[in-house]
Amino acid sequence: MNHRIPWLLLLLLLPLPCLAETDNAVEIDLDHLYEEYDLEEEISIDDSATGIEIDLGSSLISDQRSLAMQLGDWSALSIIERSRFTAQSSLAGLLESLAGADVRSLGGRGQLSTLSLRGASAGQVLILLDGQPLSPLQASDLSLISPAGLERIEVLRGPLALQFGPGALGGVVNLVTIIPEREESFPNYADSGMPFREYFAALTDYEFSQRESSPAQTRYAILAGSNDSYELSISRTEPGQSWTYGSLSAGNDYSFRRSDGSPAMRANADVLRHELLGSWQSGDMQWRAGFSDISRGIPGSAEFPTLSARLDRQAVWLQSTQGKHRTALSAQFTHVRDPNPYLNRGDIDNRDLLMHLEHEIRHEQQLLRPRLDFADTDSARQQSRPGIDYSAWREAESGNWKYLYSWGMVASTDSALDPMGGLAVRRAFGNRAELRASLSRAVRQPSFDELYLSDSGSVRGNPELDPEVLDNLEIGYGRSFGRARLDTAAFYGIYRDSIIFAPVSAYLIEARNTGEARIAGLEGSLDWKLADELWWTSSATWLPLAEYGNGIPLTGRSSLHTHSSLQYRYERFSGSLALDHTSSIPADLFGNLRTDPRSIVNLELAHAAGEGELRLGLGNLFNRPARDAWNYPLPGREINLSWSASI
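Heads up: these notes are all about the structure in this document.

Let's shift gears to the overall build of the chain. The helix and strand tally for the chain stands at six helices and 39 strands. Evaluated residue by residue, the chain yields a buried proportion of 51% over its 647 residues. Expressed as a percentage of contacts within the chain between residues at least 6 apart in sequence, the contacts between residues at least 24 apart total 61%. Accessible surface, the chain: about 28500 Å² in total, of which carbon and sulfur atoms supply 55%.

Shown next, in the form of structure tokens:
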């Protein structure tokens, strides 16, 4: 490969040709359609006489542009396609590789994992499953969903949260399940009346939606790993419908060292999870449904191992989409119990039922979402919260500058009405570079667990909470260099009436408004195809400022998080080597306790054989001791062996 490097450096300085024309076809490399080709002028092609060959490249990610993808023109957007999933990927592991992302976990596979974007708390990051909240009324647990049933993952960072309503101050993650094939007709170019660029963008979307309209296919993957981990996923795709079943069983018993250096065993952290995701077409109505069942042991910290509990959670959701209308219903039942009461907490045996109903009406430049939340818990009997979200945006253009004006409001019966608004500008430099800036004010009303969490244990909610308000500024720049793409952003946010769970006594913590909190930082990502068989991807997030108004650092935020991976693929063999580094993290509410920095190396090797693929994964390759942002010990070296195939 070394002999290719001089040619690579030369190619970085030369633009690739726009169109390669033959006697009866036009070839278009859509991987670089928006990045490298100079298509400022319309080009007329009569496709009734000319065949069209299209390279369906990695840039084709959807049969329709979701709201997150539309807003990605104005803010930082990352998309992880199904082709980048592995049989042993977890949702948390996939997200942790992105710029601005930090994942916090209580331990091994299947344990509670939450996401922080740009220093925001888990409750300030909205995670959607096909456009509806993954865990309504509370912070989302990434371990509830396996990537096996997903088509792609969209992550939008930046101050454009108001288009998604409450809960998205730190960003939005949209999990898109496998999309059934659709039967549609598409006009030829001469009849479309579209400019060249718009026509081929629409055509590739259509081609993508039809490219798997082939025979029915069944895929399966099985995994066995250390710490008694076993995983199975089966998916069935056929014209008009798709189904995915997944299960996970993990013991998560492993040894580690306490902060004082003494050895200890992390036990009682077993996990058993089942999930079923499905989608189907009925006339012009698109249906999607899901069910998940998880049971896990939650051990205490290394210093207080008897602070353990058991969680059982069942969740079901149903969604229908027809044109501009979407209706979704979800219900979640949680049972938390503590078989070993500690100190004066008393017996914990809490049962919570959370329900969420919403109807969304979406037009090209506005969105209206009436919703109804309902909770029936041991400490909050039959609490209801009707509400409505409204957002609208308009685009304007002046020369080479484009503008996006946004406004909206969030209203609910227990938090009144809160307005939001924003302004974004964008300047494109040809098709290779763009500069963007945005300023906004967004609002997050308290979640149900922050308001009404059962108080029979050591944690309780607070019905007197005020909404969080975020004033946010972002400046971003992106540029393509031949086979490389660089994206950078600087951001600054002021969280007013920030909500945390703070100690109110020696044995009790309660949701409280802390006043002002400030976060500022830089993020960047680089995706570079070094050679035909070799890719390098890297991301970094730096938070020099993440503190409350009194100067105490925000808990669980690392000042520096970097992720870099090298991926090689040749014929039927592939391999990847990744390094994830996190700096020291404040681990208590007073800024006194900090976890040590950690650098973890992961290795994965794969070989395709026949219709299947065998993968060997080595997590924490050098067996480095590590702790999470909550000072929980993480597993040492983990070995996973998986096999996936299509029938």
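Right, let's get into the nonpolar core. If you look at the biggest cluster of nonpolar residues, it comprises 59 residues, and the most contacted ones within it are Leu95, Leu115, Ile153, Phe164, Val173 and Leu175. Counting residues per element, this core draws most heavily on strand β7 (residues 125-129), at five residues. Beyond its immediate stretch of four places on either side in the chain, Val173 contacts Leu95, Leu115, Leu117, Val125, Leu126, Ile127, Leu128, Ile153, Glu154 and Val155. If you look at the next biggest cluster of nonpolar residues, it comprises 10 residues, including Leu354, Leu451, Tyr452 and Leu465.

All told, the structure shown has three aromatic pairs when counted by the stated rule. Considering the side-chain rings of Trp280 and Trp287, the 6.3 Å spacing of their centres and the 10 degrees angle between planes classify their relative orientation as stacked. The partly exposed category is assigned to Trp280, whose relative accessible area is 26%. On the accessibility criterion, Trp287 (25% relative accessible area) is partly exposed. Between Trp528 and Trp536, the ring centres sit 6.3 Å apart and the planes meet at 40 degrees, which makes this aromatic pair tilted. Directly above the aromatic system of Trp74 lies the positively charged group of Arg426, at a separation of 4.6 Å from the ring centroid.

The next subject is the pairing of strand β22 (residues 383-398). With 10 bridges connecting them, strand β21 (residues 366-377) and β22 associate as antiparallel partners. Looking at β22, one finds that Asp373 is bridged to Arg385. The antiparallel pairing of β22 with strand β23 (residues 401-412) creates a hairpin that spans two residues between the two strands, and Gly399 there sits at a positive phi of about 65 degrees.

Our focus in this paragraph is the sheet that holds strand β10 (residues 171-177). In spatial order, the strands read β4-β9-β10-β7-β8; together these five strands make up an open sheet with mixed pairing. Two strands in the sheet have a free side with no partner beyond their single neighbour: β4 (76-81) and β8 (132-133). Pairing between β7 and β8: two bridges, direction antiparallel. Bridge pairing links Leu128 to Pro133 in β8.

A contiguous nonpolar surface patch, about 700 Å² in accessible area, is contributed by Trp401, Phe429, Leu435, Leu439, Leu473, Ile475, Tyr477 and Tyr492. The set of elements that each furnish at least two residues to the nonpolar patch consists of β25 (433-444) and β27 (468-481). By residue number, the principal contributor to the nonpolar patch is β27, which donates three residues. Note that Tyr477 resides in strand β27.

Turning next to the sheet that holds strand β29 (residues 499-503). Here three strands make up an open sheet; going across it, the order is β26-β30-β29 and the pairing mixed. The two strands at the open ends of the sheet, each matched to only one other strand, are β26 (459-460) and β29. Summarising the sheet, β29 and strand β30 (residues 509-513) pair through five bridges and their orientation is antiparallel. By the bridge assignment, Phe501 is partnered in β30 with Ala511.

Let us now look at the environment of Ile494. Inspection of the secondary structure puts Ile494 in strand β28 (residues 484-496). In this structure the C-alpha to C-alpha distance between Ile494 and Asn472, which are 22 residues apart in sequence, comes to 6.6 Å. Each residue touching Ile494, except ones within four places of it in the same chain, is listed here: Val469, Leu470, Asp471, Glu516, Ala517 and Arg518.

Reading the values: the criteria
Residues numbered from 1 in each chain as written. Predicted model: local features only at pLDDT ≥ 70, side-chain atom pairs only at ≥ 80, totals over all residues. Heavy atoms only, no water. Helix = DSSP H or I, 4+ residues; strand = E, 2+ residues; numbered from the N terminus. Buried < 20%, exposed > 50% of the residue type's maximum accessible area, 1.4 Å probe, protein only. Contact = heavy atoms within 4.5 Å. Areas by Shrake-Rupley, 256 points an atom, 1.4 Å probe, with all protein chains shown as cover. Core = buried A, V, L, I, M, F, W, Y, C linked by side-chain atoms within 4.5 Å. Phe/Tyr/Trp six-rings, centres within 6.5 Å; stacked < 30°, edge-to-face > 60°. Lys NZ or Arg CZ within 6 Å of the ring centre and 35° of its normal. Pairing = 2+ DSSP bridges. Patch = residues over 30% accessible without salt bridge, like charges linked within 9 Å, V, L, I, M, F, W, Y side chains within 5 Å. Salt bridge = Lys/Arg side-chain N within 4 Å of Asp/Glu carboxyl O.

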